[in-house]
Amino acid sequence: MAASIIRRTTREYRQRMKPNHRPPHRPSGTADAQALLTRAVTHHQNGQLAEAATLYEQVLKRLPRQADALHLSGLIKAQTGALAEGIERIRQAMRADPKQPVFHANLGRLLEAAERWEEAATAFRSAARLAPLDPTPARMEAAAQTRLGQQGPAAQALLRAMAMEPADAGSAADLGDALYDCGRFLHAADWYGRAARLEPHRVLAAFNCGAALRDAGRPDRAETVFRALAGLAPQMVEPLEQCMQIRQQVGDGAGALAAARRLLALDPGRPAAVRSLGVSESDPVWLARLVRLDPLADEPVLALAGRLYGRRTAAAERAYRHALALAPASGLALSGLGLALATLGMAGATRWSLRAVRVAPGDAALAANAGSAFQLALQPEAALSWHRRALALMPGDTAAWVNIGTLLLDANAAEEAIPPLERARRLAELEWDGAQLSLANSNLGVAWMALGLHGEAVAAFRAALDRAPDDATIRSNMLFCLCFDDRADPVEVFREHRAFERYLPAVPAAPHAVESRDPERILRIGYLSPDFQRYPGPGYHFLLPLIEGHDRRAVEVTCYHNDRSRDATTERFQAAADRWRDVAALSDEDLDRRIRQDRIDILVDAGGHMSRNRMPLVARRPAPLQVSLPLYPNTTGLGAVDYQIADPRVAPPEADALHAEKLIRLPGCVLCYRPAESGFAPPDRPPLERNGHITFGSFNNITKVNAATIALWARLLAAVPTARLVLKWRGLGSGGGADRRLLAAFARHGIGAERLELRGITPDPYQDYVTIDVALDPVFANGGTTICDALWMGVPVLNQSGPTKIGRWGATMLGAVGMAELVTRDDDGYLAQGVRLATDRGFLDAQREGLRERMRRSALMDEAGYARAVEAGYRTAWRRWCAGLPPMAFDVVDGEGRA
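Residues numbered from 1 in each chain as written. Predicted model: local features only at pLDDT ≥ 70, side-chain atom pairs only at ≥ 80, totals over all residues. Heavy atoms only, no water.

K.L.:
Got a minute to help me understand the layout of surface pockets in this structure?
P.N.:
Over the atoms rolls a probe the size of a water molecule, and in doing so it shows where empty space is left. Counted as a void, the second largest pocket has a volume near 390 Å³. Of all the elements in the fold, those that place two or more residues in the lining of the second largest pocket are helix H27 (454-467), helix H36 (707-719) and helix H37 (737-747). In terms of residue count, the dominant contributor to the lining of the second largest pocket is H37 (four residues). Looking at side-chain class alone, the lining of the second largest pocket contains 10 nonpolar, five polar and six charged residues. (1 Å grid on protein atoms, 1.4 Å probe; cavity = no way out; pocket = protein on both sides within 12 Å on 5 of 7 lines; lining within 4 Å. Points joined across faces, edges and corners; volume = space filled by probe spheres on them. Helix = DSSP H or I, 4+ residues; strand = E, 2+ residues; numbered from the N terminus. Nonpolar A, V, L, I, M, F, W, Y, C, P; charged D, E, K, R; others polar.)

K.L.:
Explain the sheet that holds strand S9 (residues 724-728) here, please?
P.N.:
Backbone-to-backbone hydrogen bonds pair the strands of a sheet. The strands run either parallel or antiparallel. An order of S10-S9-S8-S11-S12-S13 is seen for the six strands of this open sheet, with the pairing classed as parallel. Bordering the open sheet on either side are strand S10 (756-759) and strand S13 (823-824), each of which pairs with just one other strand. Where strand S12 (residues 797-800) lies against S13, two bridges are found, and the strand directions are parallel. Looking at the pairing, Gln800 lines up with Thr824 of S13. Sheet contacts for helix H40 (residues 827-839): strand S8 (695-698), strand S11 (774-776), S12 and S13; angle to S12, the most-contacted strand, approximately 170°. (Pairing = 2+ DSSP bridges. Contact = heavy atoms within 4.5 Å. Axes fitted to C-alpha atoms, helices over the stretch in contact; angles between N-to-C directions.)

K.L.:
Honestly, empty space enclosed by the protein in this entry has me stumped. Any pointers?
P.N.:
Summed over all chains, the structure comprises five cavities of 30 Å³ or more. In this structure, the largest cavity is lined by 13 residues; those nearest its centre are Phe699, Asn700, Ala775, Leu776 and Thr786. Of all the elements in the fold, those that place two or more residues in the lining of the largest cavity are S8, S11 and helix H38 (785-792). Here the lining of the largest cavity gets three residues from one element, more than from any other, and that element is H38. Tallied by class, residues from the lining of the largest cavity come to eight nonpolar, four polar and one charged.

K.L.:
How do you make sense of the side chain of His550 when you look at a structure like this?
P.N.:
Note on placement: His550 falls in the loop between helix H31 (544-549) and strand S2 (555-561). A distance of 2.6 Å separates polar atoms of two side chains, one belonging to His550 and the other to Tyr527. Residues contacting His550, with those up to four places away along its chain left out, are Tyr527, Val555, Val557, Ala867, Arg868, Glu871 and Tyr874. (Polar contact = N/O pair within 3.5 Å; in protein donor to acceptor, adjacent residues only side chain to side chain.)

Below, the structure is given as structure tokens:
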């Protein structure tokens, strides 16, 4: 129903009615009475009412008909609670001097306070007759008439006021109210419009102008007014609601929906707007409101669950249960519940998926969902069976082909994943299925990246983003891939990182509830990471020593674990933290709220744009200071991240220009390594004594083994004809596509398969280091954990320093251990040192001699020193924040940060 009109309150009327005063009339009588009256007025003006009242009474004893004393003492009686006596005193003053308009006006005000509206109106009308050029009494009379419901007399009084003061916007708006209530809508619209023109900020008058035009049967003119008001007052919901209702009345459905969307953006709880949008809107916010309006309808609940899945999966799981309570035999609800439970890592997920396919055995979508549930439950054979079932039911099902490709990716069979993903892409293009096309391209990007084909991967990610530009996961994958692409311009890569936040939803800035701005108090540090576990990330090696090593007199640690997996290392992290939060199932909004409730001072992100990251959450700035711990090999690109930890070798001076963050350079090394427990130790003698030839090795992710690296390693093998090269990574050694691709790449450089040994991952990552003499670090994209693992096992690492951070890990880690001699600047230097290591036994022995012990004594393993340096960086950053200073780059020296 259309709102009638927006009114001002009685209180607002009264605020416009300020009391009238006039200089007291000099009384006739004795000089003593005159002096008393003067003193009384002074006390009255100073708020000393009791003293003033006493003196007024003394004046009246001498001169009982002194009009001013009667009038002013009457005001004091009203002010002190004796309203009836005050009214009577002012009537006496009027009898003594009936020509004073101020007496009549103040009598009206007291009668108004007593809610004697008719008498008040009469008093104000008398004041107006006595002061015909003063518009104030007329306005007061109009207010009293309005309270009496006498809109006609009120309008007449306001017309008189407007004649005396035509620029009074308030009276014009009041006149519009009176005419509207008389049913004279067009005349009311004229006066409302006049008020709005006189004072453009008077939005209520503008709204009432539109309402009067609407009720006068002029919808086009009314909508014009409402649209103009919506532009003038963009936070006011009523004009938009009126536009929506007018569009509905004239049969413009599209216009009504557009207005409803704008309205709901301001007020998500407007029932009329929710009804207008209905299930046609895909945003779960509107669907959730629709469900609350009609909680017994299963279709909106299912639609809501589908929209929530993948965004807020825990909420989707609850919605699917709600749908099953309404429709227990719904295959879609059963399947969705199974998929949601599997995504959340909860037990019994596949049971619900199997129930769904029993309800509808011929439904390809339910079979595909069962495959995905088994895939998430780490049952790949069952997952493949159900994906094939889906394809048997619908051979052209794009989603099923995407699922098979994804399953192969999860099995580290990137080469084998490409054909089904290519087929999915072709099908999606034919069917104009933008969502599946984006997913197929994104997964193709992951496959190409896993094979070290970064140019092809970036092209696939860009194609995916063409269809889904706001997909933060795809964009993060592309950024991570760009870090490894040796053909990419570092400046352009930086710009791509900076552009990331442009595609995130806008979130209003919110204040932070910190404990205090004391620069020296214990700091609340929050660490956000998916890697609080042994595998698959480097958390054990680089995060655990920091979190266990913190000085609890200086910092309080909260760990935000953004992964569903747990292992024995997770228990160690949890024991080391002061507070622990499992946050993988939380939405960005919920996690933002959780961090703020924990009153974190400094949030440290350890994920960057790698898998399972929370970059959109970090962009919301849930903590007043935010720091990047660079396990990710680049800037985050986010303006919300204030600092990044670095050191002078991994970030020379020119690196600052390629970071959105300000750099905190530690004195030792950017990271501190803790080796894992292992039964393997460095052998007493190099393997070449046992093998009769030098054995090079690289146990890096093969995404780092790019064409330039293969070409350089092939040159080294050609220069040392007896040497062998061991490559070890997931999926290698099986005879699959990755093996064939690597062997073919080396063959193109004249290196036969007999010179290479390909191995898969072993349970103990240190095991195969006892079989190699020298570790070869990939060029452009250095190793990280693998460098440390090799050094710990007594294996020297040959490195080439590159132009970007990902190419400087070797420089900082080897430099920290005192092995800068093995850090080369170009291919010729790399080749020369490689040949020297292979042919100069004394040089090789010198590099291997006591390497584990040298590493143990180095900055790379100085856990206590590293923790103190990081804490000093946090403290300096915090002091600057407390002082209201912006972030700036600084070095940590002697436990303190220095610019």
